[in-house]
Amino acid sequence: MNVHEYQAKEILARYGVSVPKGRVASTPEEVWTVARELGAPCVIKAQIHAGGRGKAGGIKLAQTPEEAKALAQEIIGKKLVTHQTGPTGRVVKRVLVEQQFDIEHEWYLGVALDTSASLPSVMACAEGGVEIEEVARKSPEKIMREVIDTPDGLLPFQVRRLAYGLGLPYEKGALFFPLIQGLVRGFIDCDCMLAEINPLVFTSQGELVALDAKMNFDSNALFRHPEIVALRDTDEEDQKEIQASKIGLSYIALEGNIGCMVNGAGLAMATMDIIKLCGGEPANFLDVGGGASKDKVAQAFKIVLSDQRVQGVLVNIFGGIMRCDVIAEGIVEAAREMKITVPLVVRLQGTNGELGKKLLSESNLRVISADTMAEAAEKIVKAVNQF
């Protein structure tokens with residue numbers, strides 16, 4: 001689960017991380033009021049769950065409250081398209097109005113789960129305010145890492161090593177220690193997958209400030225954090241993903257045109273890979289799990305078809321706990337409620353596989369059957385290309 005920048009800063013501030021003074025606003029009039037209270041100059045920052053806002057025109061500098069109001073009118077209610085939103089973009093419904101700083105230097109600082117070590121890892125880079133993914137791809141040696149492998153969090157010698165690697169002089173290091181420890185505590189206490197400050201800046205006033213912040217939380221741990229769940233902004237999420245989560249399905253919308261319904265995350269990933277290998281583009285990741293009922297399968301199928309980009313559907317089931325006849329019954333039930341006008345390829349293998357195939361053949365649905373995953377992928381890509 002993601003939160004907005006202003007929400008991430010509110011959380012980090014509780015852990016002693018210094019953040020700019022500011023307030024969120026949803027109308028140009030509110031922006032004018034906040035800008036007047038803060039005093040000019042100020043920064044207007046679009047609040048969406050995506051990076052690259054500055055390059056897309058979502059971050060503006062204002063010298064007066066009147067200019068802040070005018071700039072807010074250009075941002076609020078407009079669609080912002082960045083490299084992370086995709087071509088559809090996101091509508092900006094609120095902005096963060098913050099004080100400006102005279103910046104002497106910028107760094108990157110973040111904490112993420114290191115899956116190779118199964119431990120949190122602190123990352124730091126002397127190049128801040130840039131896309132850290134590009135730095136990692138082009139110059140990975142510039143990123144320093146310290147793994148957190150004790151209950152005490154990041155140890156003092158690790159903090160000193162990071163401060164030295166970033167080129168922080170002693171007086172700045174004294175500010176760095178409580179800030180990085182606060183970031184780490186926030187990451188661990190809140191069950192984060194990512195807690196990021198980019199950029200971390202040193203100002204001409206001698207302050208070390210988190211100029212931007214991003215936090216992403218482990219959805220499996222949210223039951224422990226109702227206060228974080230309350231920060232969820234469903235307007236920033238795909239409505240199909242929200243609908244799927246309500247019925248206990250793992251669904252992620254993608255940019256392709258071939259809908260997928262699969263049981264098991266590993267098989268779902270392999271299915272998307274083989275669709276790509278055959279020249280197609282998957283429209284979603286959908287794992288119906290091992291114990292889905294007929295009704296849940298039917299709802300899953302309807303969610304896939306509700307995507308207007310879907311021009312074909314591949315159902316790939318290897319039945320173990322999940323019975324193939326239940327999948328077939330769910331497809332038939334969904335077909336009774338909505339007309340299927342796109343090609344449908346179904347591969348059923350495993351528990352009650354023959355019974356599932358029989359149910360589909362007797363349903364009078366236009367189903368293209370396949371025995372192997374490779375055959376199924378080839379058939380759906382061909383059918384979509386001819387659709």
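Above this note sits the structure.
What counts as what
Residues numbered from 1 in each chain as written. Predicted model: local features only at pLDDT ≥ 70, side-chain atom pairs only at ≥ 80, totals over all residues. Heavy atoms only, no water. Helix = DSSP H or I, 4+ residues; strand = E, 2+ residues; numbered from the N terminus. Buried < 20%, exposed > 50% of the residue type's maximum accessible area, 1.4 Å probe, protein only. Contact = heavy atoms within 4.5 Å. Lys, Arg positive; Asp, Glu negative; His and termini not counted. Charge placed at Lys NZ, Arg CZ, Asp CG, Glu CD. Expected span 1.5 Å × (residues − 1). Arc of directions from axis to C-beta. Salt bridge = Lys/Arg side-chain N within 4 Å of Asp/Glu carboxyl O. Core = buried A, V, L, I, M, F, W, Y, C linked by side-chain atoms within 4.5 Å. Axes fitted to C-alpha atoms, helices over the stretch in contact; angles between N-to-C directions. Left-handed = near helix turned anticlockwise from the far one by under 90°. Nonpolar A, V, L, I, M, F, W, Y, C, P; charged D, E, K, R; others polar. Pairing = 2+ DSSP bridges.

Colleague: Looking at this structure, how should I read the overall build of the protein?
Modeller: Scanning the protein from terminus to terminus reveals 13 helices and 18 strands. Per-residue burial over the protein gives 48% buried out of 387 residues. Across the protein, the fraction of contacts at a sequence separation of at least 24, relative to all contacts at a separation of at least 6, is 69%. Counting 42 positive and 50 negative side-chain charges, the protein places the centres of these two groups 4 Å from one another.

Colleague: When you look at helix H9 (residues 265–277) in this model, what are you seeing that I'm missing?
Modeller: Note that an α-helix has 3.6 residues per turn; residues three or four places apart therefore point the same way. Between the first and last C-alpha of H9 there are 18 Å, a value that for 13 residues agrees with the 18 Å anticipated at 1.5 Å per step. The set of residues buried in H9 consists of Leu267, Ala268, Thr271, Met272, Ile274 and Ile275. Relative to the axis of H9, the buried residues are bounded by an arc of 165° and lie together on one face. In H9, the exposed positions that point more than 90 degrees away from the buried face belong to Gly266, Asp273 and Leu277. Those residues of H9 hidden inside the fold are in contact with strand E14 (258–262), strand E15 (284–287), strand E16 (312–319) and helix H13 (373–386). Once H9 ends, the next one or two residues include Gly279, with phi positive near 95°.

Colleague: Can you help me understand the environment of Leu12 in this one?
Modeller: Within the secondary structure, Leu12 is located in helix H1 (residues 5–13). C-alpha of Leu12 to C-alpha of Leu183: the two residues are 171 residues apart in sequence and 6.6 Å apart in space. In this view, Leu12 contacts Val17, Leu183, Ile197, Ala213 and Met215; residues no more than four positions away in its chain are not counted.

Colleague: In this structure, what is going on with unusual backbone geometry? I would like to understand it.
Modeller: Leaving glycine out, the prevailing phi sign among residues is negative, and the prevailing peptide bond configuration is trans. For the bond from Asn198 to Pro199, the omega torsion is 10°, close enough to zero to count as cis. Examined against the element boundaries, Pro199 turns out to sit in strand E10 (residues 192–203). Although it is not a glycine, Ser118 adopts a positive phi angle of roughly 55°. Take Ser118: it is sitting in the loop between strand E7 (103–114) and strand E8 (119–125). Look at Asn352: it is not a glycine, yet its phi comes out positive at around 60°. The residue Asn352 is located in the loop between strand E17 (344–350) and helix H12 (353–361) in this model.

Colleague: Any chance you could explain the side chain of His225 here in plain terms?
Modeller: Relative to the assigned elements, His225 resides in the loop between strand E12 (213–217) and helix H7 (226–229). Judged by relative accessible area, which is 8%, His225 ranks as buried. For His225, the residues in contact, after removing those within four places along its chain, are Asp189, Cys190 and Asp191.

Colleague: Help me understand the pattern of salt bridges in this model?
Modeller: This structure, assessed with the given rule, holds 24 salt bridges. Linking Glu127 and Lys142 is a salt bridge whose minimum nitrogen-to-oxygen distance equals 2.6 Å. Here Glu127 is found in the loop between E8 and helix H4 (132–138), whereas its partner Lys142 is found in the loop between H4 and strand E9 (143–147), with 15 residues between them in sequence. Between Arg309 and Glu255 there is a salt bridge whose closest N-O contact spans 3.3 Å. One end of the pair, Arg309, is in the loop between helix H10 (294–305) and E16; the other, Glu255, is in the loop between strand E13 (250–253) and E14, with 54 residues separating them in the sequence. With a relative accessible area of 30%, Arg309 lands in the partly exposed category. Each member of the salt-bridge network shares a partner with another, and the members are Glu5, Lys9, Lys45, Arg53, Glu98 and Asp212.

Colleague: I tried to follow the nonpolar core on my own but got confused; where do I start?
Modeller: In globular proteins that are soluble, nonpolar side chains generally tend to be buried together. Leu109, Val122, Phe176, Met215 and Phe217 are the most contacted members of the largest nonpolar core, which totals 39 residues. Breaking this core down by element, the ones donating at least two residues are H1, E7, E8, helix H5 (156–166), helix H6 (170–189), E10, strand E11 (208–210) and E12. Broken down by element, the residue count for this core peaks at six residues, all from H6. If we ignore the near neighbours within four places in the chain, the residues touching Phe217 are Met1, Val3, Ile11, Cys190, Asp191, Cys192, Met193, Leu222 and Ile228. In terms of nonpolar packing, the next biggest core, distinct from the first, is built from 33 residues, Val288, Ile303, Val326 and Ala334 among them.

Colleague: Is there a simple way to think about the side chain of Ser121 in this case?
Modeller: Looking at where Ser121 falls in the secondary structure, it is placed in strand E8. In this structure Ser121 touches Gly110, Val111, Ala112, Asp114, Arg145, Glu146 and Val147, once residues within four positions along its chain are discounted.

Colleague: What is the right way to read the packing of H5 against H6 from this model?
Modeller: A pair of packed helices is characterised by two quantities: the angle between their axes and the separation of those axes. Running from N to C, H5 and H6 cross one another at 115°; their axes reach a closest spacing of 10 Å. Between H5 and H6 lies a crossing whose hand is right-handed. Taken together, the residues of H6 that come into contact with H5 (itself represented by Pro156, Val159, Leu162, Ala163 and Leu166) are Phe176, Phe177, Ile180 and Gln181. Broken down by class, the residue content of the contact of H5 with H6 amounts to eight nonpolar, one polar and no charged.

Colleague: Is there a simple way to think about the sheet that holds strand E3 (residues 59–62) in this case?
Modeller: Think of a sheet as strands paired side by side through backbone hydrogen bonds, with each pair either parallel or antiparallel. The strand order across the open sheet built from four strands is E1-E6-E2-E3, with neighbouring strands paired in antiparallel fashion. The open sheet has two free edges, formed respectively by strand E1 (22–25) and E3, since each of these has just one partner strand. Neighbour to neighbour, the strand axes of the sheet diverge by 20° on average, direction disregarded. Sheet topology places strand E2 (residues 42–46) next to strand E6 (residues 95–99); five bridges connect them, and they run antiparallel. Within E6, the position partnered with Cys42 by the bridge is Gln99. Running at roughly 50° to E6, H1 makes contact with E1, E2 and E6 of the sheet. Sitting on the sheet, helix H2 (residues 28–38) is in contact with E1, E2 and E6, with an inclination near 15° to E6.

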